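Observations on the model geometry
So you can see what is in the structure, the chains are spelled out below.
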Amino acid sequence: MSSGADAARAAELREQIERANHEYYVLDAPTLSDAEYDRLFRELRALETAHPELRTPDSPTLRIGAEPASRLVKTTHLAPMLSLDNAFEPAELIAWETRNARIAAEVREAGYTAEPKIDGLAVALTYQDGVLVRGATRGNGTIGEDVTANLRTIREIPLRVRASGAPIPALLEIRGEVYMPLSGFAALNTRRAAEGAATFANPRNAAAGGLRQLDPNITAARPLRFYAFGVQLGPNGGGSLPVHTQGELLELLVAWGLPVNPRYRRCPDLDAVLAFLGEVEAERAHLDHEIDGTVIKVDSLALHTELGVVGGREPRWAIAYKFAPDLATTRLLSIELNVGRTGSLNPFAVLEPVEIGGATVRLATLHNEEDIGRKDIRPGDTVLVKRAGEVIPQVIGPVLEEGASRGEPFRMPDHCPSCGTPVEQPSDEVMRYCPNGACPARIYWGLVHFAGRGAMDIRGLGEATARQLLDVGLVRDVGDLYGLRLEDLLSLEGFKEKSAQNLLAGIEASKTRGLGTVLFALGVRHVGETAARLIARAFGSLDRLLAADVEQFARVHGIGRTTAEALAGYLAEPRNGETIEKLRAAGVQLSEPEAGPATGVFSGKTLVITGTLPTLSRSQATAMIERAGGRVSGSVTRKTDFLLVGEDAGSKLTKAREWGITELTEEELLARLGTLETLTGDG
Ligand code: IVH
C-alpha cells in the first residue's frame, strides 16, 4: 500500500516533469537538464511500478511504452469538426466579408484573427476535468479514430491543462493541428531511404502516417508537433469560457499550457488582413514547417453564433486563404520522347491532368534516362509533380504505396522515335542521340531554335509556323527560309498580307546578326552562345572557319575538345554544307565585325556569365562587354575578374564565391557600362 507521502511525491514529480515538457516544447525555454529530467522520470516510474494505484491518467509515464493496439477504435466528436471554405484572391475575401455583412453588419467593425494554416492533420483532444482522456483524428468530421496513446507521445500536448484563474470547463475538446517540421521530415525520409523503406511524399502524409499507427512506439519515433487553434465545449453543463474573441481564446489556450502558433495576428479590418497575408507568404519559405495558406476568422465569438455554419460543414465566420500550391501528385500515364535539335532523346512525362498552382499540368520533364533510373520512375506510378512559377513542370519522383504492384522500369529505345535511325550514346554522356541530320524532329526543333530569341531572332516564326513550313515542304532546312516569297506565305493557313510581310521583314532583318549568332543558331551540338562567339571572333569569317580543322578549333581559348570535334563533325557533313551555302547565297552575313575598341571599362578583364539574366540575352551581354574591351569566357578560373550572375546560377557561382571573384548583377553591369539606354536595343 502506498503512503500519503508517496502519493504526494508522485503528484510533485508529475507536476515537475510536465512543467519541464512545457518549458522545453511550448515555451522553448528549458530550465531542467536532460539528466535531471531523466532522474525525475525514473523516480516516478519506480513509484508507479511499486504502487500501481498511483498511476493517474495524466502521468507523463503514459507518454512512452504503451502497448500496440489491435485496431484503431472509432470515436464521436463533441460537435462536428468543420472544414473551411477557400479563397485564392483578395477579391474573394472582400466578397466573403460582404456576404457576412448582409447577415451581421457588425462584421466590418469586429476585426479578424489571421492564423497561418499549418499543413498537417486536425485532431481533437478531450479533457475531462482538465485531464487529457482522449485524442482523436478528424476522420469524416463527425467520427474520428481514437489515437490517444499516440497523441500522448507528443510532449507538448499537456496531459492536464494548467490552472489559469478561471474555472476549467468540465468537458472540453481542444482542437488543433498535428504536423511534422520540415527538418524532421527530411531526416525521417533519409533514414527510411537508408533502410530501404518507402519515403513519404510530403510532411503531411508523414504526420498522418505517424499518428494513425497501432503502435504508439512508432509514433514516438516520428518528430510530430502540435499547435492548438480552437475549443469546443461539451453540451449543456459543459460550462462557458471567459473569452469573447478568437484572439482572447488563443491567449487562454496559451495560459492553459497549450502550444499556439505565435505567428497569428489580430487585424482591425480586412485591409490589415491583406497586409498580413503578404507577410505570411514572404515568410513561408523560411519556416520549418509547411503552411498552405492563412485561416482568417471573425474575431468576435458572438458573431460566430450569429453567422452560423453552411450545410453543417463550413462556418461562415472563417475562411482559408490558400497559396497556389506548387506540388501535386498524379498518375504517370506514360513516358514519351522528344527528339531535340541536336538529336538528343529527351524523355517527358504524360500525366493524368492535375491542377497545380491554378494551371492544369499534363506534361512534365523527366531530364534523362539516368535520372529516371536513379529515381526509379515507372509508367503507372503515382508521382509527385512540381510546378514553380514559369518553369516547366518537373516529376520529382514516385510516391510508392506499400505493396502496390508496379509496371516495368522504363527503357530507352534503341532507335530514334522520329526517324527510326539507331541511336548513339557517347560514352561520357547520359543522353542518347539520333545521329541522323535529316531526322524530321531534329529539323523541326532546329528551325525553331534558329529563329528563336538569342539566335536569329526572327519575329513571327514560332513553333506553329515552323511546323507549317516543313509540312507543306516550303522549307527543308533553315537555308530555305531566305528563299521564301510573299505568295508562298499567303498559301499558308492563317497568313494574311500583313503577317506574311512581317515574317519576310523578320527574315530579312536576321541577315545581319553576324557569324557568332549564325554559328549558335545552326544548333551544333555543344556549341552554345559563348562558344559560338569565341569561335566567330577567333576566325572572323565563315570561309576561314571552313578551312580550319579540329586542332585549330581546340586551340581557341575557351573551346574544349568536345566542342571542337562536334563543330568539325558538323561542318564536314555535306548536308550542312548545303545549308550554309544557301545562307551565303541569300546574303546572310557570315563574318564577324573587326574586334571592337580594346579600351573600355572592361579592358583586359575576363568575365563569365552564369544563370539567366533578367533582360539581356547572353549574346547581348557578351556583345556589350566586348565593346567595352572585356572578354567573356565559358568557365570560371582563378583569372576570372567578374562573374555576371543571373537567375538560377549554378556551380559557377559556387566556384566564384570560393575564389572571391567579384559578382555583378545585370543592373551593375549596365551601370558600369554607363549604357542603361542600350537595354532597348536588339544587341
Ligand atoms: S480552424 C472552423 N485554424 O485547416 C474550424 N484550421 O481546412 C476549422 N487548419 O481541418 C478549423 N490551421 O486541419 C483552423 N489555425 C487554423 C488551422 C486550421 C490549420 C486546418 C485544420 C482544418 C483545415 C480546414
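Report on the accompanying structure. Values in this document were obtained by computation on a predicted structure and should not be read as measured data.

1. Concerning the site of the ligand
Close to the ligand lie Leu 82, Leu 84, Glu 115, Lys 117, Ile 118, Ala 122, Glu 177, Phe 229, Val 295, Lys 297, Pro 315 and Trp 317. Here an oxygen atom of the ligand sits 3.2 Å away from a polar atom, N or O, in the side chain of Lys 117. Glu 177 places a polar side-chain atom, nitrogen or oxygen, 2.5 Å from an oxygen atom of the ligand. Summarising the interface, the protein chains cover 86% of the accessible area of the ligand, which totals 520 Å² for the free molecule. Secondary structure elements with two or more residues in the shell around the ligand: strand 3 (112-118) and strand 10 (291-298). For the shell around the ligand, the element with the most residues is strand 3, which contributes three residues. Residues of the shell around the ligand, tallied by class, amount to eight nonpolar, no polar and four charged.

2. What to know about the pattern of salt bridges
Note on pairing: side chains with opposite charge can pair once their charged atoms come close. Summed over all chains, the structure comprises 41 salt bridges. Two residues, Arg 160 and Asp 58, come together in a salt bridge whose shortest N-O distance is 2.6 Å. Here Arg 160, found in the loop between helix 5 (148-152) and strand 7 (171-179), pairs with Asp 58, found in the loop between helix 2 (34-50) and strand 1 (74-76); they are 102 residues apart in sequence, far enough to count as distant. Judged by relative accessible area, which is 45%, Arg 160 ranks as partly exposed. We note a salt bridge from Glu 156 to Arg 225, for which the minimum N-O separation is 2.6 Å. Here Glu 156 is found in the loop between helix 5 and strand 7, whereas its partner Arg 225 is found in strand 8 (residues 225-233), with 69 residues between them in sequence. Residue class for Glu 156 comes out buried when judged on its relative accessible area of 4%. By relative accessible area, Arg 225 is classed as partly exposed at 27%.

3. Observations regarding empty space enclosed by the protein
For the structure on display, the rule yields two cavities of 30 Å³ or more. Counted as a void, the largest cavity has a volume near 40 Å³. Elements with a contribution of two residues or more to the lining of the largest cavity: strand 1, strand 4 (121-128) and strand 5 (131-137). When residues in the lining of the largest cavity are grouped by element, the largest group, three residues, is from strand 5. Each residue belonging to the lining of the largest cavity can be placed in one class, and the counts come to two nonpolar, five polar and two charged.

4. Some points on the sheet that holds strand 4
Strand pairing within a sheet occurs via backbone hydrogen bonds; the two strands may be parallel or antiparallel. Taken in spatial order, the four strands make up an open sheet running 5-4-7-8, and their pairing is antiparallel. In this open sheet, the two edge strands, each paired with only one partner strand, are strand 5 and strand 8. Pairwise comparison of adjacent strand axes, ignoring direction, gives a mean angle of 30° for this sheet.

Procedures and definitions
Residues numbered from 1 in each chain as written. Predicted model: local features only at pLDDT ≥ 70, side-chain atom pairs only at ≥ 80, totals over all residues. Heavy atoms only, no water. Near = heavy atom within 4 Å. Polar contact = N/O pair within 3.5 Å; in protein donor to acceptor, adjacent residues only side chain to side chain. Areas by Shrake-Rupley, 256 points an atom, 1.4 Å probe, with all protein chains shown as cover. Helix = DSSP H or I, 4+ residues; strand = E, 2+ residues; numbered from the N terminus. Nonpolar A, V, L, I, M, F, W, Y, C, P; charged D, E, K, R; others polar. Salt bridge = Lys/Arg side-chain N within 4 Å of Asp/Glu carboxyl O. Buried < 20%, exposed > 50% of the residue type's maximum accessible area, 1.4 Å probe, protein only. 1 Å grid on protein atoms, 1.4 Å probe; cavity = no way out; pocket = protein on both sides within 12 Å on 5 of 7 lines; lining within 4 Å. Points joined across faces, edges and corners; volume = space filled by probe spheres on them. Pairing = 2+ DSSP bridges. Axes fitted to C-alpha atoms, helices over the stretch in contact; angles between N-to-C directions.

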